[in-house]
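Spelled out, the chains give:
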Protein chains: 2
Amino acid sequence: VKKIKIGIVGATGLVGLELQRLLPQRLRPATYDLHLFASRARDGVHEFAASQLLVDDCDYLLNATEKDVAEKLRRGLKSNQVLIDNSSAFRMDPEVPLVVPEVNGDILQSAPQVVANPNCTAILLCVALNALKDFGPSRVVVATYQSASGAGIKGLEELDAGMKAAAEGRETPRGEVFKYPLALNVFSHNTSIRPEASMGAGYNDEEWKVVEESRKILGVHHLPISATCIRVPSRRSHAEAVTVDLKMDVPLEKLREAFAGARGVKVVDDWENNHFPMPLEAQDQDLVLVGRIRKDVTLGRTMHFFLAGDQIRKGAATNALQILEEILRQRAIA
Amino acid sequence: VKKIKIGIVGATGLVGLELQRLLPQRLRPATYDLHLFASRARDGVHEFAASQLLVDDCDYLLNATEKDVAEKLRRGLKSNQVLIDNSSAFRMDPEVPLVVPEVNGDILQSAPQVVANPNCTAILLCVALNALKDFGPSRVVVATYQSASGAGIKGLEELDAGMKAAAEGRETPRGEVFKYPLALNVFSHNTSIRPEASMGAGYNDEEWKVVEESRKILGVHHLPISATCIRVPSRRSHAEAVTVDLKMDVPLEKLREAFAGARGVKVVDDWENNHFPMPLEAQDQDLVLVGRIRKDVTLGRTMHFFLAGDQIRKGAATNALQILEEILRQRAIA
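A brief report on the enclosed structure follows. (Residues numbered from 1 in each chain as written. Chains lettered and ligands numbered in written order. Predicted model: local features only at pLDDT ≥ 70, side-chain atom pairs only at ≥ 80, totals over all residues. Heavy atoms only, no water.)

1. Comments concerning the sheet that holds strand 14 (residues 302–309) of chain B
Residues and elements named next belong to chain B. The cut-off we apply is this: Strands pair, by our definition, only if DSSP identifies at least two bridges between them. A run of H or I in DSSP becomes a helix once it reaches four residues, and a run of E becomes a strand once it reaches two; helices and strands are each numbered from the N terminus. An axis is simply a line fitted to the C-alpha atoms; with a helix, the fit covers only the stretch in contact. Between two such axes, the angle follows the N-to-C directions and lies from 0 to 180 degrees. Whether two residues touch is decided by their heavy atoms; if any such pair falls within 4.5 Å, the residues are in contact.
Here we have 6 strands laid out as an open sheet, ordered 9-7-11-14-13-12, and mixed in their pairing. Among the strands making up the open sheet, the edge pair consists of strand 9 (225–228) and strand 12 (265–267). Taken pair by pair, the neighbouring strands of this sheet meet at an average axis angle of 25°, ignoring direction. Bridging between strand 13 (residues 288–295) and strand 14 involves 5 bridges; their strand directions are antiparallel. Residue Lys295 lies in a different strand from strand 14, and its bridge partner there is Met303. Each of strand 11 (238–246), strand 12, strand 13 and strand 14 touches helix 8 (residues 252–260); the most contacted strand, strand 13, lies at about 170° to it.

2. Structural notes on the side chain of Ser147(A)
All names here are of chain A. Note the threshold: Each residue gets one of three labels from its accessible area relative to the maximum for its type: buried under 20%, exposed over 50%, partly exposed in between, using a 1.4 Å probe on protein chains only.
Tracing the backbone through its elements, the reader meets Ser147 in the loop between strand 7 (137–145) and helix 6 (152–167). By relative accessible area, which is 0% here, Ser147 ends up buried. Once you skip the residues sitting within four places of it in the chain, Ser147 turns out to touch Arg231, Val232, Ser234, Arg235, Arg236, Ser237, His238 and Gln311.

3. Remarks on the nonpolar core
Residue and element names in this part refer to chain A. Short version of the rule: For the purposes of this section, nonpolar cores are sets of buried Ala, Val, Leu, Ile, Met, Phe, Trp, Tyr and Cys residues that join through side-chain atoms within 4.5 Å.
In terms of nonpolar packing, the biggest core is built from 59 residues, with Leu132, Val242, Val244, Phe259, Val290, Met303 and Phe305 touching the most fellow members. In terms of residues, this core owes the most to one element, helix 5 (residues 120–129), which gives 8 residues. Those residues in contact with Phe305, other than ones at most four positions away along the chain, are Ala128, Leu129, Leu132, Glu240, Ala241, Val242, Val244, Phe259, Val290, Gly291, Arg292 and Ile293.

4. Here we look at the packing of helix 5 (residues 120–129) of chain B against helix 10 (residues 313–330) of chain B
Residues and elements named next belong to chain B. Short version of the rule: For classification purposes, an angle smaller than 35 degrees is called roughly parallel, one larger than 145 roughly antiparallel, one from 65 to 115 roughly perpendicular, and anything else oblique. In this classification, the charged set is Asp, Glu, Lys and Arg, the nonpolar set is Ala, Val, Leu, Ile, Met, Phe, Trp, Tyr, Cys and Pro, and all remaining amino acids, among them Gly, are polar.
The interhelical angle for the contact between helix 5 and helix 10, taken along N-to-C directions, is 85°, at an axis separation of 8 Å. Looking at the two axes, helix 5 sits roughly perpendicular to helix 10. Contact residues: Cys120, Ile123, Leu124 and Val127 in helix 5; Lys314, Gly315, Ala316 and Asn319 in helix 10. The class makeup of the residues in the contact of helix 5 with helix 10 is 5 nonpolar, 2 polar and 1 charged.

5. Focus: the packing of aromatic side chains
Selection criterion: Two rings from Phe, Tyr or Trp (for Trp, the six-membered ring) form a pair when their centres sit within 6.5 Å of each other. Planes less than 30 degrees apart are called stacked, planes more than 60 degrees apart edge-to-face, and all others tilted. We call a charge positioned above a ring when the Lys NZ or Arg CZ atom is no farther than 6 Å from the ring centre and deviates by at most 35 degrees from the ring normal.
This model, assessed by the stated rule, comprises 13 aromatic pairs over all chains. Seen in terms of ring centroids, Tyr145(A) and Phe306(A) are 5.6 Å apart; in terms of plane orientation they differ by 75°. Their pairing is edge-to-face. Pair noted here: Tyr145(A) is in strand 7 and Phe306(A) is in strand 14 (residues 302–309), with a separation of 161 residues, a long-range link. Classification of Tyr145(A) by relative accessible area gives buried; the value is 0%. For Phe306(A), a relative accessible area of 0% corresponds to the buried category. Ring centres of Tyr145(A) and Tyr145(B) lie 4.2 Å apart, and the angle between their planes is 20°; this geometry places the pair in the stacked category. Here Tyr145(A) is found in strand 7, whereas its partner Tyr145(B) is found in strand 7 (residues 137–145) on a different chain. Across the pair, Tyr145(B) and Tyr145(A) agree in class, each one buried. Joined through ring pairs, the aromatic side chains of Tyr145(A), Phe306(A), Tyr145(B) and Phe306(B) make up one cluster. Over the face of the ring belonging to Phe276(A) we find Arg292(A), whose NZ or CZ atom lies 5.4 Å from the ring centre. Seen from the ring of Phe90(B), Arg74(B) lies directly overhead, with NZ or CZ sitting 4.6 Å from the centre.

6. Quick look at the sheet that holds strand 3 (residues 46–47) of chain B
Residues and elements named next belong to chain B. Taken in spatial order, the 6 strands line up as 3-2-1-4-5-6 in an open sheet, and their pairing is parallel. Of all strands in the sheet, those with a lone pairing partner are strand 3 and strand 6 (114–116), marking the two edges. Judged from the 4 bridges that link them, strand 1 (residues 4–9) and strand 4 (residues 60–63) form a sheet pairing that is parallel. Opposite Gly7, over in strand 4, you have Leu61 as the bridge partner. Of the strands in this sheet, strand 1, strand 4, strand 5 (82–85) and strand 6 are in contact with helix 10, which crosses strand 5 at around 155°.

7. Quick notes on the pairing of strand 2 (residues 32–38) of chain A
Residues and elements named next belong to chain A. Among the 7 residues of strand 2, 5 are classified as buried, and the element is accordingly described as predominantly covered. Pairing between strand 1 (residues 4–9) and strand 2: 6 bridges, direction parallel. Counterpart to Gly7 in the pairing with strand 2 is His35.

8. What to know about the interface of chain A and chain B
Rule in force here: By convention, the term buried area covers the 1.4 Å-probe accessible surface removed from two parts as they join, with the contributions of both added. The salt bridge criterion pairs a side-chain nitrogen of Lys or Arg with a carboxyl oxygen of Asp or Glu, the two atoms within 4 Å. Distance and chemistry together define a polar contact, namely a pair of N or O atoms within 3.5 Å, with one atom able to donate a hydrogen and the other to accept it when in protein, and with adjacent residues in sequence counting only for side-chain atoms on both sides.
If you look at the interface, chain A gives 72 residues, while chain B gives 72 residues. Between chain A and chain B, roughly 5500 Å² of surface is buried when both sides are summed, and carbon and sulfur atoms account for 62% of that area. The tally of links between chain A and chain B comes to 8 salt bridges. In this structure, Arg292(B) engages Glu207(A) in a salt bridge whose closest nitrogen and oxygen atoms are separated by 2.6 Å. Inspection of the chain A/chain B interface yields 32 residue pairs in polar contact (both at pLDDT 80 or more).

9. Looking at the relation of the copies chain A and chain B
The operation linking the two copies of the chain is a rotation about an axis combined with a translation along the axis. Selection rule: Here the copies were fitted onto each other by least squares, based on C-alpha atoms from residues at pLDDT of at least 70 in both.
Note on the identical chains: chain A maps onto chain B by a rotation of 180° and an axial translation of 0.0 Å, with an RMSD of 0.0 Å. Within this description, the copies of the chain are treated as partners about a two-fold rotation axis. When the interface residues of chain A are mapped onto chain B, 100% of them are again interface residues, pointing to one common binding face.

10. A word on the packing of helix 1 (residues 14–26) of chain B against helix 10 of chain B
Residues and elements named next belong to chain B. We apply this condition: For any pair of crossing helices, the crossing counts as left-handed if the nearer helix is rotated counterclockwise from the farther one by less than a right angle, and right-handed if it is rotated clockwise.
The geometry of helix 1 relative to helix 10 is characterised by a closest axis approach of 10 Å and an angle of 45° between their N-to-C directions. With respect to helix 10, the element helix 1 is oriented oblique. For the element pair helix 1 and helix 10, the recorded crossing hand is right-handed. Together, Val15, Glu18, Leu19, Arg21, Leu22, Leu23, Gln25 and Arg26 of helix 1 and Arg313, Ala316, Ala317, Thr318, Ala320, Leu321, Gln322, Leu324 and Glu325 of helix 10 make up the contact between the two elements. Grouping the constituent residues of the contact of helix 1 with helix 10 by class yields 9 nonpolar, 3 polar and 5 charged.

11. Comments concerning the side chain of Asp85(A)
Residues and elements named next belong to chain A. This is how the line gets drawn: Only four residue types enter the tally: Lys and Arg on the positive side, Asp and Glu on the negative side; His and the chain ends are excluded.
Within the secondary structure layout, Asp85 lies in strand 5 (residues 82–85). Buried charge Asp85 goes without a salt bridge, the closest partner of opposite sign being Arg91 at 6.7 Å. Excluding its chain neighbours within four sequence positions, the residues that come into contact with Asp85 are Asn63, Ala70, Phe90, Val115, Ala116 and Asn117.

12. Topic: helix 7 (residues 205–218) of chain A
What counts, and what does not: The span you would expect from a helix comes to 1.5 Å times its residue count less one.
Taking 1.5 Å of rise per residue, the 14 residues of helix 7 of chain A would be expected to cover 20 Å, and the 20 Å separating its terminal C-alpha atoms lies within 8% of that figure. A large share of helix 7 of chain A lies buried, amounting to 10 of its 14 residues. On its buried side, helix 7 of chain A packs onto helix 4 (101–104), helix 5, strand 7 and strand 9 (225–228) of chain A together with strand 13 of chain B.

No statement about biological role is implied by the geometric values presented.
In structure tokens form, the structure reads like this:
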């Protein structure tokens, strides 16, 4: 059997490194060859701009860098190549499926050449919301607790430097990625606020991605949904407080069962021991932890839950690899 | 003029210490004598249990300890004494006014003998919601970002120990107040979850206080309101992401004006520079910072904002002192 050739573009970033770490757990290493690309060459990693022939030779390209690289990759795509793109370049392109396999993986049956991997916060949210689909979610309000690593290695380094400074009683050093100290603080997500004249005025770009992408993933294009995206001083894994209006009055036990039976969800909801989803327990695994499942006391058709999930794994690398696996399965390769 | 006598019970806790620090900024020191009480005697602080005569001699008692002490104080109250209680003992007692001076300070005209100081999260929320009262808030959803000091000195010490451990790459030492590490983590508020048979089932005690107390403070007893209360690794100042349904469609500019003109609120809402309310900027001052003011894109009568406020000052000590000032003003003493 001929080996498939997989290329990872952006191999030295957090998502790129995670893709390399997880790939052999998902595909038997004997079945593929791996090519790594980054903006600069280093041990085992090719310089992307100087490696066109090698890029062209890949059957499956996983992009873990920014939009401009994604656009370049798409333009150069050969008819036999598939691009799974983690950037935001094509997510809202009507021609490109935006896929969370647990939710809308069946779209992959159309054998698309380009597949977009959604925003990390939207992925975690949609995996959880998918559990409620039989109850007709009619409105979603989410407030997030997003970790430093959502802003990449530099974001993480800035938090670490701030933590060290705080522990030593020094002032937080000024950062490049974060405008304000993150250690011992929380602040509105560091993406830009959409200006007053634009669609989504006053939302930051992260919030707007959650709104638009969640609707596309869930296939409910007019779903009332809002997000407030906030950075907190955790290193890894995002958390989200979610309020959902349902079209019917669903007993608590049914809600719990729905989450317990949902693909990609692990219920962590121990009322007695106050044990609920936390970033420290959500990291380095692939499930979305869901807890604090409860009915609104003042509005019978409204419910609340709290989730935590590893945004580098399920929120990015794992989701991309699940898409790849699904495509290989349909092609009867894996 | 005879000096008034003020007693602070719980003088060695975070709120008690803050009361002592702020009192001379609010009342001319020449106008009052101060007596300090705590569970154990120390320099300048009397042992509460052994100081009945001195307690009886106070004109105004500020309680900054727990419910049991509050109940004891109320039982022993002389007809000329006033108790301003920061515990949760009497907050929902229909005989006792629950006061945020900016919102419902006029209740103090009835010259109550016992006044309850609300929960810190509810105070900050109500100061901000009060700005929207002309627009008919018909539903409120809040998710909180609460600091370690909300759990007192021990909570703060546990976070500090955890921060130090994290910076040195050691494991977080096990705490007494917090069941889980707070440094580099977020978790559901450490109060108990209300059991399935009770009113507010599945809410934790903090959330239930926000629901009940906000309704009483705002005087809207059937207001649909829900809270998700989460601890984050900040030292001081709580933050809250708030979604409000209004009875009318209010232009963004009107919303901004309403907050800018509201008592106790400072608008921090710089879209261009991504500068919004943050715990680090909210601490050590008395205003509730409000920003991220925006209209919901999917529901025209819904709006969102984000707030941060010092929960030990405006959320506790300052609010109690404002109540005291208002009572003194009405008695024409101050």
